[in-house]
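Reading the structure
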Amino acid sequence: MATVMDNDVLEALLEQVRPLKGQGKVADYIPALVTVSGDKLGIAICTVSGEQFQAGDADERFSIQSLSKVLSLVVAMNHYEEDEIWTRVGKDPSGQPFNSLLQLEIEQGKPRNPFINAGALVVCDMLQSRLSAPRQRMLEIVRKLSATPDIAFDSVVARSEFEHSARNAAIAWLMKSFGNFNNDVATVLQNYFHYCALKMSCVELARTFLFLADKGTAPHLAEPVLTPQQTRQVNALMATSGMYQNAGEFAWRVGLPAKSGVGGGIVAIVPQEMAIAVWSPELDEAGNSLAGIALLEALTQQLGRSVY
Ligand code: DON
């Protein structure tokens, strides 16, 4: 490492990006998210050798939102053959906003990738078909991966999303019209919104996603979550589609597989080394955390890390 990592290094990076506060906007299309203070800023790192570093609001829980799309894909990869998944959802970047319907109509109901809303909804439809209690199962998995028994859904956020679900419902119904959605739309939307409404801290997220830095397993896990090949595949999807239409810009600035959520969280992976979680609720125009990206950029520059 170019820098010896410690909590003071992370504190200094937080101070470096704090002046960006006020330049982004807290998500307001989900009313329950507007109540979160834009001032929050946190970072946590878990390494494959078992170290943990943190600074700022790293222990405070927030709505993980689209970070859950990685977890639902991982669960689907555990329950479906490769072909069964990838005939229903693609592996390419969309270049479009995460909740766009445009390509879906043109491409006959097959979403470009599992990290846009349409793709995540297909994945949730698959989970509904094969798991007896998809919400409970997700809780069990996240509690195991984070080694934290009290991870829970924020029911206020889940209800708020369901009450403002016109666009996601339209996406699901459009896919149903093309035969790419098998279950009851409202049931699958409820599962999807609950996954998005999981409340977790940066520390819990870095630990949860550590298996993606460690070929599918992690020091605190009794058994692998994915095979090494599946792990490479998920990281490849995060690198190409994790930051929506700004995936290229993010690769340029940060150079790591990553996934964002409109709660202001971003999880990034340094393969074979560490999982990083950052949180700052103010978003840029693509719906990615503005200071969160700057924080990851400053960190990777300081550490001299990139997958490219
Ligand atoms: O469905 C939605 O719009 C939200 N529950 C999740 C969107 C999201 O987090 C996109 N990420 N940047």
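In case you missed it, the structure is sitting above this.
Description of the structure in this document. (Residues numbered from 1 in each chain as written. Predicted model: local features only at pLDDT ≥ 70, side-chain atom pairs only at ≥ 80, totals over all residues.)

Let's shift gears to the site of the ligand. Within the structure, the ligand sits among 13 residues, and Gln-65, Ser-66, Cys-196, Val-262 and Gly-287 are positioned closest to it. Looking at the shell around the ligand residue by residue, the classes come out as 3 nonpolar, 9 polar and 1 charged. Split by domain, the shell around the ligand shows at least three residues from each of two domains, domain 1 (7-63 + 200-303) and domain 2 (66-196). (Near = placed C-beta within 6 Å. Nonpolar A, V, L, I, M, F, W, Y, C, P; charged D, E, K, R; others polar. Domains from an automatic or database assignment.)

Another point: the sheet that holds strand S2 (residues 42-47). Here 5 strands make up an open sheet; going across it, the order is S3-S2-S9-S8-S7 and the pairing antiparallel. Bordering the open sheet on either side are strand S3 (52-56) and strand S7 (258-260), each of which pairs with just one other strand. Between one strand axis and the next, the sheet turns by 10° as a mean value, whatever way the strands run. Sheet analysis places S2 next to strand S9 (residues 274-279), joined by 6 bridges and oriented antiparallel. Across the sheet, the residue bridging to Gly-42 is Trp-279, located in S9. Along the sheet, helix H1 (residues 7-17) makes contact with S2 and S3, crossing S3 at roughly 35°. Relative to S9, helix H13 (residues 290-303) is tilted by about 145°, and along the sheet it contacts S2, strand S8 (265-270) and S9. (Pairing = 2+ DSSP bridges. Helix = DSSP H or I, 4+ residues; strand = E, 2+ residues; numbered from the N terminus. Axes fitted to C-alpha atoms, helices over the stretch in contact; angles between N-to-C directions. Contact = placed C-beta atoms within 7 Å.)

Turning our attention to the nonpolar core. Across soluble globular proteins, nonpolar side chains show a tendency to be buried alongside one another. Counting residues in each nonpolar core, the largest one holds 98 residues, and the members touching the most others are Ile-43, Leu-121, Cys-202, Ala-206, Ala-275, Ile-276 and Ala-277. Per-element accounting of this core gives the leading share, 8 residues, to helix H5 (residues 117-130). Three or more residues apiece are contributed to this core by two domains, here domain 1 (7-63 + 200-303) and domain 2 (66-196). Not counting the four nearest positions on each side in its chain, Leu-121 is found in contact with Asn-168, Ile-171, Ala-172, Met-175, Val-188 and Tyr-192. (Core = buried A, V, L, I, M, F, W, Y, C linked by C-beta atoms within 7 Å. Buried ≥ 20, exposed ≤ 12 C-beta atoms within 10 Å, placed from the backbone.)

Everything listed here is a matter of geometry and, on its own, says nothing about what the molecule does.
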